[in-house]
Amino acid sequence: MLKQASCIVMPKFIGQDYQKNNFLFADKEIIECELPGIRRIETKSISDKILINTNNIKCVFVGNLYWKIRNPKALMEAFRNLGGGINLYFVGGCFDGDIVKLLEAEGFDIPDNVFFLGKVSPEKAELYLNEADILINIGNTTENQLPSKVFDYISIGKPVLNVRKICNDPSNDLFSKYPLALTIDEKDITKEENKNIIREFCLKNKDKKLSYEMIEELMYESTVKYVREKYREIISL
């Protein structure tokens, strides 16, 4: 199919990966166009459905964990004795089995401020996102996959602590444009200086939220509106 194409349209991170692996077709025009993942996400009123009843700062990860490519141990260790009344919650399952049992099998002591809430429905997961003060993203170990969760987190407009596993993380460009993001490399996350940075980030930003209008302006190249215009431009060539 690609051999028959007049041009090939792909996100920047895919193009970089293909180029590194010599997969690009020399005779094809390559046009960069980001994924249209930014969208308006309405915040539901959940005053009568409080799921996390605490006055502490709620840092929430929503999604599935994978023991090899999205392991939470380093992040959990960073939250150990973090102070500041900051809790970490994992909402979702683990592809490899019961995450608590896997951790216990390795002799890992789960910190007192870390909680696993298990698998929930998409509707309930959205409620947890709405209750969160800080959203948590754990990057993958792959350079050519960008989880849709990254777009969801940014679209919501809340602060994001982004734990990066590899330097060429596909989310780098997106989070670099988002003013409420803190990215820390996983290999350095347990250093005391970075634990202090995480604590200050949570305390400073726990009540902040960007409007969708501001998000759309900042991330315009990742909106449906921009991508639609880009494809119209490509078709008219």
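These figures come from a predicted structure and were not determined experimentally.

Q: Give a description of the pattern of salt bridges that names residues and reports values.
A: Side-chain pairing between opposite charges can occur once the charged atoms of the two side chains come close. Counting across every chain of the model gives 13 salt bridges. For D185, the salt bridge goes to R164, with nearest N and O atoms at 2.6 Å. Linking D185 in strand β8 (residues 181-185) with R164 in strand β7 (residues 160-164), this pair joins segments that are 21 residues apart in sequence. The pair D185 / R164 is uniform in exposure class, with both members buried. Between D188 and K191 there is a salt bridge whose closest N-O contact spans 3.3 Å. Given the relative accessible area of 18%, D188 is considered buried. By relative accessible area, which is 42% here, K191 ends up partly exposed. Each of E77, R80 and D109 takes part in one network of salt bridges that share partners.

Q: Go over the sheet that holds β8, please, and point to the residues and values.
A: Read across the sheet, six strands follow the order β5-β4-β3-β6-β7-β8 without closing on themselves; strand pairing throughout is parallel. Across the chains shown, the open sheet's two edge strands, defined by having one partner strand only, are β5 (114-118) and β8. In this sheet, adjacent strand axes meet at a mean angle of 25 degrees when their direction is disregarded. Across six bridges, strand β3 (residues 57-62) lies against strand β4 (residues 86-91) in parallel orientation. Residue pairing in the sheet places K58 in a bridge with N87 of β4. Each of β3, β6 (134-138) and β7 touches helix α5 (residues 148-156); the most contacted strand, β6, lies at about 165 degrees to it.

What counts and how
Residues numbered from 1 in each chain as written. Predicted model: local features only at pLDDT ≥ 70, side-chain atom pairs only at ≥ 80, totals over all residues. Heavy atoms only, no water. Salt bridge = Lys/Arg side-chain N within 4 Å of Asp/Glu carboxyl O. Helix = DSSP H or I, 4+ residues; strand = E, 2+ residues; numbered from the N terminus. Buried < 20%, exposed > 50% of the residue type's maximum accessible area, 1.4 Å probe, protein only. Pairing = 2+ DSSP bridges. Axes fitted to C-alpha atoms, helices over the stretch in contact; angles between N-to-C directions. Contact = heavy atoms within 4.5 Å.

Spatial relationships are all this shows, so hold off on functional conclusions.
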